[in-house]
Amino acid sequence: MAPDSFRGTLSAPEAAAAMADGWRRHAPDDTVTLVPMSDGGAGVVEAVRAALPGSLVQVTVPGPDGAPVPAAVLLVAAADDPSGRASAYVDLSHALGEHLVVDAPAGDAAGVLRRTSRGAGRLVGEAVGTGAERVVVGAGRAGVLDGGAGLLTGLAETLLDGTGHADPAPPGLAAAAQRTPGEVAHLALLRERLTGVELVLATDRDSPLVGRHGPVQASGRDLGVPAASLPSADAAMTAWAAVLVEAAGAAGAPDPGRLVALPGAGA
C-alpha cells in the first residue's frame, strides 16, 4: 500500500494504514506492506519517517502571516540514510502551506502579497544548524507569493544572526520588488555558510517564477489575488527575479554540486 496523503484529511501513513485495514478484513492471511509516499510536497517528513529510522526535532517558525506555527526537522543518521550522509528532512508546508493562510478580505491583493515565506527560511536554517551534511527540502503548494524573498530573510536570520548581516527586509512581494541587488548582498555570506551542505529540492514539478505558468498566474486567484491585480503582481515578481539574478551573479557562481535534484522527483 503506497499512497500519498489525502490533502486535508489523512496523512500518507494514515491512508496506508486505512487501506491495509480494509484489505486485511477480506484477506486476513495476506502480507500487507505499508510504503507511505510523498511527491515532495506536504507529508514528505511523515513519509520519510515511516521508511527510515530518525528523530524529530520540534521547532517554531513564523507562518505566512507572521504568527508562530509548529514545524519539525527529521534527522536521519548517515548509517540509516540511502545517501550515506547524515541528513535532515523538512516540509515547507509546515511554514507556508495553504492550510495556514488566513483569508484576506475579498479584493485585498495587498493583504495576500504581504504574506511571507520567512518561516520556510527559518526552517531550512534550523535543519542546516543541526550539522546535517544533506538537507532535503520538500516544497509543495504554498499559500505565499513572495518569490522566496521571505525565505532568504529567514535563512539569513537563522544562519547569519550575530554577524551583523541578517536581512531586515519587510515581508511580501511588493517590498521585494523595490529592493536592489546590493540589498541582498548577504547571498554571498549565505553561500559561504552553506559550504559543504548538499541542498536537495524535493518537488513534483518544475515551475517558472514568472509568466503564464508562474505562481502568480497559476495560483494567485486561488490565494485571493483579484484577476485585475494579477498583471501588476506578476510584474513585481519579474522585478524581484531580476534583482535575484543580478545579486546571485555578484555573489559568485554557485557550485553545481551543491544544488541537486532528488532522483525521480521531477525537479
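As the structure is a prediction and not an experimental result, all values here were calculated from the model.

What follows deals with the overall build of the protein chain. Of regular secondary structure, the protein chain possesses 10 helices and six strands. Across the 267 residues in the protein chain, those meeting the buried criterion constitute 41%. Within the protein chain, residue pairs in contact and separated by at least 24 positions form 71% of the contacts whose partners lie at least 6 positions apart. Only carbon and sulfur atoms are counted for the fraction: they give 57% of the accessible area of the protein chain, which is about 13,100 Å².

What you see with strand β5 (residues 198-202) is a clean split: Glu-198, Val-200 and Ala-202 sit on the buried side and Leu-199 and Leu-201 on the side with no burial. Summarising the sheet, strand β4 (residues 134-138) and β5 pair through five bridges and their orientation is parallel. When the bridges of β5 are listed, Val-135 appears paired with Leu-199.

Considering the arrangement of structural elements, one finds His-94 in helix α3 (residues 93-96). What His-94 contacts, discounting residues up to four positions off in sequence, is Glu-46, Val-69, Pro-70, Ala-71, Ala-72, Leu-100 and Leu-123.

Before going further, it helps to spend a moment on the side chain of Glu-198. Position of Glu-198 among the secondary structure elements: in strand β5. Of note is the side chain of Glu-198, whose polar atom sits 3.3 Å from the side chain of Arg-85.

Attention now goes to helix α2 (residues 44-51). Turning to α2, its buried residues are Val-44, Val-45, Ala-47 and Val-48. All buried residues of α2 fall inside an arc of 165° around its axis, so they share one side. As for α2, its buried residues are in contact with β1 (55-62), β2 (68-76), β3 (87-91) and β4.

This part is about the pattern of salt bridges. If you walk through the whole model with that rule in mind, you get six salt bridges. The salt bridge partner of Asp-21 is Arg-24, with a shortest N-O separation of 3.9 Å. With Asp-21 and Arg-24 both in helix α1 (residues 12-26) and three residues apart, the pair spans about one turn of that helix. Judged by relative accessible area, which is 40%, Asp-21 ranks as partly exposed. In this structure Arg-24 comes out as partly exposed when scored by relative accessible area, which is 35%. Notably, a salt bridge pairs Glu-198 with Arg-85, separated by 3.3 Å at the nearest N-O pair.

How each quantity is defined
- Residues numbered from 1 in each chain as written.
- Predicted model: local features only at pLDDT ≥ 70, side-chain atom pairs only at ≥ 80, totals over all residues.
- Heavy atoms only, no water.
- Helix = DSSP H or I, 4+ residues; strand = E, 2+ residues; numbered from the N terminus.
- Buried < 20%, exposed > 50% of the residue type's maximum accessible area, 1.4 Å probe, protein only.
- Contact = heavy atoms within 4.5 Å.
- Areas by Shrake-Rupley, 256 points an atom, 1.4 Å probe, with all protein chains shown as cover.
- Pairing = 2+ DSSP bridges.
- Polar contact = N/O pair within 3.5 Å; in protein donor to acceptor, adjacent residues only side chain to side chain.
- Arc of directions from axis to C-beta.
- Salt bridge = Lys/Arg side-chain N within 4 Å of Asp/Glu carboxyl O.

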